[in-house]
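Fold and geometry: a report
Here is what each chain is made of, one letter per residue.
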Amino acid sequence: MIGLLAAGAVINVAVAWGCMIHAYHNSKPLGPYVPDFVPTADDQNWWKRRSPKGMVPPDAVNEYKYVGYRERRVFGDGPLLNVNPPGTLRELSVRSRAGWPLAGVYCEWFSVADPQGPRGIGRVTRGCFDPASHPATASLSRVVPVIPLTPLFPGFAINTLFYAAVCWLLLFAPFALRRRLRRRRGLCPACAYQVGSSDVCTECGAPVR
Ligand SMILES: [Zn+2]
(Lines give C-alpha, C1' and ligand atoms only; values in the text may rest on other atoms or scores of the structure.)
Protein backbone atom coordinates (compact mmCIF):
# COMPACT_ATOMS: atom_id res chain seq x y z
CA MET A 1 0.00 0.00 0.00
CA ILE A 2 2.75 2.45 1.02
CA GLY A 3 4.72 1.29 -2.01
CA LEU A 4 1.76 1.93 -4.31
CA LEU A 5 1.21 5.41 -2.86
CA ALA A 6 4.93 6.21 -3.19
CA ALA A 7 4.85 5.03 -6.81
CA GLY A 8 1.69 7.11 -7.36
CA ALA A 9 3.36 10.23 -5.92
CA VAL A 10 6.50 9.75 -8.05
CA ILE A 11 4.44 9.26 -11.23
CA ASN A 12 2.25 12.24 -10.31
CA VAL A 13 5.28 14.55 -10.06
CA ALA A 14 6.96 13.06 -13.14
CA VAL A 15 3.79 13.59 -15.21
CA ALA A 16 3.48 17.20 -13.94
CA TRP A 17 7.08 18.02 -14.88
CA GLY A 18 6.64 16.18 -18.18
CA CYS A 19 3.56 18.28 -18.98
CA MET A 20 5.44 21.51 -18.27
CA ILE A 21 8.49 20.45 -20.30
CA HIS A 22 6.17 19.36 -23.10
CA ALA A 23 4.30 22.69 -23.03
CA TYR A 24 7.57 24.64 -23.34
CA HIS A 25 9.32 22.28 -25.69
CA ASN A 26 6.47 21.67 -28.08
CA SER A 27 5.41 25.21 -28.80
CA LYS A 28 7.67 28.17 -29.26
CA PRO A 29 6.54 30.57 -27.92
CA LEU A 30 4.57 28.85 -25.16
CA GLY A 31 0.92 28.68 -26.15
CA PRO A 32 -2.02 28.65 -26.76
CA TYR A 33 -2.73 31.65 -24.60
CA VAL A 34 -5.28 34.32 -23.76
CA PRO A 35 -3.67 37.56 -24.96
CA ASP A 36 -3.28 40.83 -23.05
CA PHE A 37 -6.08 41.87 -20.81
CA VAL A 38 -6.29 43.87 -17.60
CA PRO A 39 -5.11 42.14 -14.40
CA THR A 40 -7.99 41.09 -12.14
CA ALA A 41 -8.26 41.99 -8.44
CA ASP A 42 -6.99 38.48 -7.71
CA ASP A 43 -3.92 39.05 -9.91
CA GLN A 44 -3.23 42.39 -8.19
CA ASN A 45 -3.63 40.90 -4.69
CA TRP A 46 -1.37 37.98 -5.47
CA TRP A 47 1.21 40.29 -7.00
CA LYS A 48 1.13 42.63 -3.95
CA ARG A 49 1.56 39.70 -1.57
CA ARG A 50 4.22 37.78 -3.43
CA SER A 51 6.30 39.97 -5.74
CA PRO A 52 9.76 41.14 -4.65
CA LYS A 53 9.92 44.71 -3.29
CA GLY A 54 10.39 47.42 -5.88
CA MET A 55 8.69 45.72 -8.82
CA VAL A 56 6.41 47.93 -10.92
CA PRO A 57 2.64 47.23 -10.65
CA PRO A 58 1.42 44.98 -13.48
CA ASP A 59 -0.80 46.38 -16.24
CA ALA A 60 -1.37 43.30 -18.41
CA VAL A 61 -1.99 39.55 -18.18
CA ASN A 62 -1.37 36.52 -20.35
CA GLU A 63 -2.67 33.10 -19.49
CA TYR A 64 -1.27 30.01 -21.17
CA LYS A 65 -3.15 26.71 -21.09
CA TYR A 66 -1.71 23.43 -22.19
CA VAL A 67 -2.34 19.75 -21.45
CA GLY A 68 -1.48 19.40 -17.74
CA TYR A 69 0.07 22.86 -17.58
CA ARG A 70 -1.26 26.35 -16.90
CA GLU A 71 0.72 29.52 -16.58
CA ARG A 72 -0.50 32.99 -15.68
CA ARG A 73 1.75 35.96 -16.26
CA VAL A 74 1.22 39.54 -15.15
CA PHE A 75 3.63 42.16 -16.36
CA GLY A 76 4.30 45.86 -16.50
CA ASP A 77 6.80 48.36 -17.85
CA GLY A 78 9.87 48.23 -15.66
CA PRO A 79 12.00 51.21 -14.63
CA LEU A 80 14.07 53.11 -17.19
CA LEU A 81 17.45 51.46 -17.44
CA ASN A 82 20.62 53.24 -18.34
CA VAL A 83 21.27 51.29 -21.51
CA ASN A 84 22.16 52.45 -24.97
CA PRO A 85 19.65 53.41 -26.29
CA PRO A 86 17.82 54.06 -22.99
CA GLY A 87 14.77 51.83 -22.60
CA THR A 88 12.54 50.04 -20.17
CA LEU A 89 12.39 46.33 -19.50
CA ARG A 90 9.16 44.45 -19.05
CA GLU A 91 8.94 43.10 -15.52
CA LEU A 92 7.18 39.78 -15.33
CA SER A 93 5.51 37.81 -12.52
CA VAL A 94 4.53 34.23 -13.28
CA ARG A 95 2.42 31.56 -11.58
CA SER A 96 2.77 27.99 -12.86
CA ARG A 97 0.48 25.03 -12.15
CA ALA A 98 1.39 21.62 -13.52
CA GLY A 99 -0.11 18.14 -13.31
CA TRP A 100 -2.59 15.78 -14.87
CA PRO A 101 -5.48 14.98 -14.38
CA LEU A 102 -5.48 17.85 -11.86
CA ALA A 103 -2.90 20.59 -11.21
CA GLY A 104 -0.73 19.04 -8.47
CA VAL A 105 2.40 21.20 -8.20
CA TYR A 106 2.86 24.95 -8.16
CA CYS A 107 5.58 27.57 -8.32
CA GLU A 108 6.06 31.24 -9.08
CA TRP A 109 8.88 33.31 -10.42
CA PHE A 110 9.61 36.96 -11.11
CA SER A 111 11.71 38.62 -13.77
CA VAL A 112 12.87 41.88 -12.19
CA ALA A 113 14.67 44.74 -13.93
CA ASP A 114 18.24 44.56 -12.65
CA PRO A 115 20.98 46.58 -14.38
CA GLN A 116 23.56 44.25 -12.83
CA GLY A 117 21.85 41.08 -14.04
CA PRO A 118 22.39 39.29 -17.35
CA ARG A 119 20.59 41.26 -20.08
CA GLY A 120 19.28 43.64 -17.42
CA ILE A 121 17.02 41.03 -15.87
CA GLY A 122 17.31 39.37 -12.49
CA ARG A 123 15.14 36.50 -11.39
CA VAL A 124 13.51 35.65 -8.07
CA THR A 125 11.92 32.20 -7.72
CA ARG A 126 9.59 30.80 -5.07
CA GLY A 127 8.72 27.16 -4.48
CA CYS A 128 10.61 25.91 -7.49
CA PHE A 129 13.86 24.41 -8.62
CA ASP A 130 15.89 26.65 -10.90
CA PRO A 131 17.73 24.36 -13.33
CA ALA A 132 20.06 27.18 -14.41
CA SER A 133 21.54 27.37 -10.91
CA HIS A 134 23.09 23.88 -11.01
CA PRO A 135 25.67 22.68 -13.54
CA ALA A 136 24.08 19.20 -13.74
CA THR A 137 20.70 20.61 -14.82
CA ALA A 138 21.85 23.73 -16.67
CA SER A 139 20.98 22.25 -20.07
CA LEU A 140 17.38 21.76 -18.89
CA SER A 141 17.10 25.51 -18.35
CA ARG A 142 17.17 25.95 -22.13
CA VAL A 143 13.81 24.10 -22.22
CA VAL A 144 12.00 25.21 -19.04
CA PRO A 145 12.67 28.29 -16.89
CA VAL A 146 11.83 26.53 -13.59
CA ILE A 147 10.61 23.22 -12.18
CA PRO A 148 7.63 23.55 -9.79
CA LEU A 149 8.11 21.88 -6.36
CA THR A 150 5.23 23.07 -4.17
CA PRO A 151 2.41 20.52 -3.77
CA LEU A 152 -1.08 21.88 -4.52
CA PHE A 153 -3.98 20.40 -2.57
CA PRO A 154 -6.21 18.61 -3.24
CA GLY A 155 -4.75 18.07 -6.74
CA PHE A 156 -1.51 16.51 -5.49
CA ALA A 157 -3.36 13.96 -3.30
CA ILE A 158 -5.96 13.10 -5.92
CA ASN A 159 -3.36 12.62 -8.66
CA THR A 160 -1.29 10.42 -6.32
CA LEU A 161 -4.31 8.20 -5.58
CA PHE A 162 -5.17 8.11 -9.27
CA TYR A 163 -1.70 6.87 -10.30
CA ALA A 164 -1.54 4.47 -7.32
CA ALA A 165 -4.83 2.96 -8.55
CA VAL A 166 -3.45 2.70 -12.10
CA CYS A 167 -0.36 0.89 -10.72
CA TRP A 168 -2.57 -1.43 -8.68
CA LEU A 169 -4.65 -2.24 -11.75
CA LEU A 170 -1.58 -2.94 -13.89
CA LEU A 171 0.13 -5.04 -11.19
CA PHE A 172 -2.68 -6.99 -9.57
CA ALA A 173 -5.82 -6.93 -11.72
CA PRO A 174 -4.58 -9.60 -14.19
CA PHE A 175 -3.95 -12.06 -11.31
CA ALA A 176 -7.29 -11.31 -9.61
CA LEU A 177 -9.04 -11.88 -12.93
CA ARG A 178 -7.20 -15.17 -13.48
CA ARG A 179 -8.19 -16.46 -10.01
CA ARG A 180 -11.82 -15.59 -10.64
CA LEU A 181 -11.87 -17.30 -14.05
CA ARG A 182 -10.28 -20.45 -12.60
CA ARG A 183 -12.86 -20.58 -9.79
CA ARG A 184 -15.67 -20.21 -12.28
CA ARG A 185 -14.30 -23.13 -14.31
CA GLY A 186 -13.99 -25.36 -11.23
CA LEU A 187 -10.20 -25.10 -11.11
CA CYS A 188 -7.90 -24.30 -8.19
CA PRO A 189 -7.40 -20.49 -8.25
CA ALA A 190 -3.74 -20.90 -7.29
CA CYS A 191 -2.54 -23.64 -9.64
CA ALA A 192 -5.47 -24.41 -12.02
CA TYR A 193 -5.66 -28.07 -10.93
CA GLN A 194 -9.14 -29.63 -11.18
CA VAL A 195 -11.04 -29.16 -7.90
CA GLY A 196 -12.60 -32.30 -6.39
CA SER A 197 -14.72 -32.62 -3.25
CA SER A 198 -12.02 -31.35 -0.86
CA ASP A 199 -11.96 -27.80 0.54
CA VAL A 200 -8.28 -27.54 -0.30
CA CYS A 201 -6.55 -28.19 -3.61
CA THR A 202 -5.22 -31.77 -3.76
CA GLU A 203 -2.32 -30.51 -5.91
CA CYS A 204 -1.05 -27.44 -4.04
CA GLY A 205 -3.07 -27.27 -0.78
CA ALA A 206 -4.57 -23.84 -1.48
CA PRO A 207 -8.14 -23.26 -0.22
CA VAL A 208 -10.57 -23.59 -3.12
CA ARG A 209 -13.97 -22.81 -1.51
ZN1 LIG B 1 -3.88 -25.85 -6.47
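Computed from a predicted structure; not experimentally measured. (Residues numbered from 1 in each chain as written. Predicted model: local features only at pLDDT ≥ 70, side-chain atom pairs only at ≥ 80, totals over all residues.)

The next thing to look at is the overall build of the protein chain. Helix and strand counts for the protein chain come out as 3 helices and 9 strands. Traced from its N-terminal end to its C-terminal end, the protein chain shows the element sequence α-β-α-β-β-β-β-β-β-β-β-α. Taking 209 residues into account, the globule formula puts the C-alpha radius of gyration at 17 Å, and the protein chain, at 26 Å, lies well above it. Counting only C-alpha atoms and orienting by the principal axes, one finds that the protein chain spans roughly 95 × 40 × 30 Å. By the burial criterion, 29% of the 209 residues in the protein chain qualify as buried. (Helix = DSSP H or I, 4+ residues; strand = E, 2+ residues; numbered from the N terminus. Rg over C-alpha atoms; globule rule 2.2 N^0.38 Å. Buried ≥ 20, exposed ≤ 12 C-beta atoms within 10 Å, placed from the backbone.)

Taking 1.5 Å of rise per residue, 30 residues should cover 44 Å, and helix α3 (residues 155-184) covers 40 Å from first to last C-alpha, within 8% of that figure. At Phe 172, α3 shows its largest bend, some 45°, and a proline, Pro 174, comes one to four positions later. Three or more residues of α3 are buried, namely Gly 155, Phe 156, Asn 159, Thr 160, Tyr 163 and Ala 164. Note on α3: the residue one or two positions beyond its end, Gly 186, has a positive phi of about 75°. (Expected span 1.5 Å × (residues − 1). Bend = angle between axes of the 7 residues up to and from the residue.)

Bringing the environment of Gly 78 into the picture now. Turning to its location among the elements, Gly 78 is positioned in strand β3 (residues 69-81). When the 21 C-beta atoms within 10 Å are taken as the criterion, Gly 78 is described as buried. Taking the C-alpha atoms as reference points, Gly 78 and Pro 57, separated by 21 residues in sequence, lie 8.9 Å from one another. What Gly 78 contacts, discounting residues up to four positions off in sequence, is Val 56, Thr 88, Leu 89, Arg 90, Glu 91 and Ala 113. (Contact = placed C-beta atoms within 7 Å.)

Of note, the bond from Trp 100 into Pro 101 is cis; its omega dihedral lies within 30 degrees of zero at 5°. Inspection of the secondary structure assignment puts Pro 101 in the loop between β4 (87-98) and β5 (105-113). Here the amide bond leading from Phe 153 into Pro 154 is cis, since omega sits at 5°, within 30 degrees of zero. Its place among the elements puts Pro 154 in the loop between β9 (150-151) and α3.

Moving on, we come to the nonpolar core. Counting residues in hydrophobic clusters, the biggest one holds 24 residues, and the most contacted among them are Ala 16, Trp 17, Cys 19, Met 20, Ala 98, Val 105 and Val 146. Contributions of two or more residues to this core are made by α1 (2-26), β3, β4 and β5. A total of 7 residues in this core trace back to one element, the largest contributor, which is α1. (Core = buried A, V, L, I, M, F, W, Y, C linked by C-beta atoms within 7 Å.)

Attention now goes to the pairing of β5. The buried fraction of β5 amounts to 8 of the 9 residues, a majority that puts the element mostly inside the structure. Note that β5 and β9 share 2 bridges and pair antiparallel. Bridge pairing in β9 places Tyr 106 opposite Thr 150. In the sheet, β5 pairs with strand β6 (residues 121-126) via 6 bridges, with the strands oriented antiparallel. What sits directly across from Glu 108, in β6, is Arg 126. (Pairing = 2+ DSSP bridges.)

It is worth spelling out the confidence of the model for the protein chain at this point. Of all residues in the protein chain, 91% attain a pLDDT of 70 or more, and the chain-wide mean is 88. The secondary-structure element of the protein chain with the lowest mean pLDDT is strand β1 (residues 33-37), recorded at 67, while β9 shows the highest, at 97. (pLDDT = per-residue confidence, 0-100.)

Attention shifts here to the environment of Val 13. Here Val 13 is to be found in helix α1. Residues Val 13 and Pro 151 lie 138 residues apart in sequence; the distance between their C-alpha atoms is 9.1 Å.

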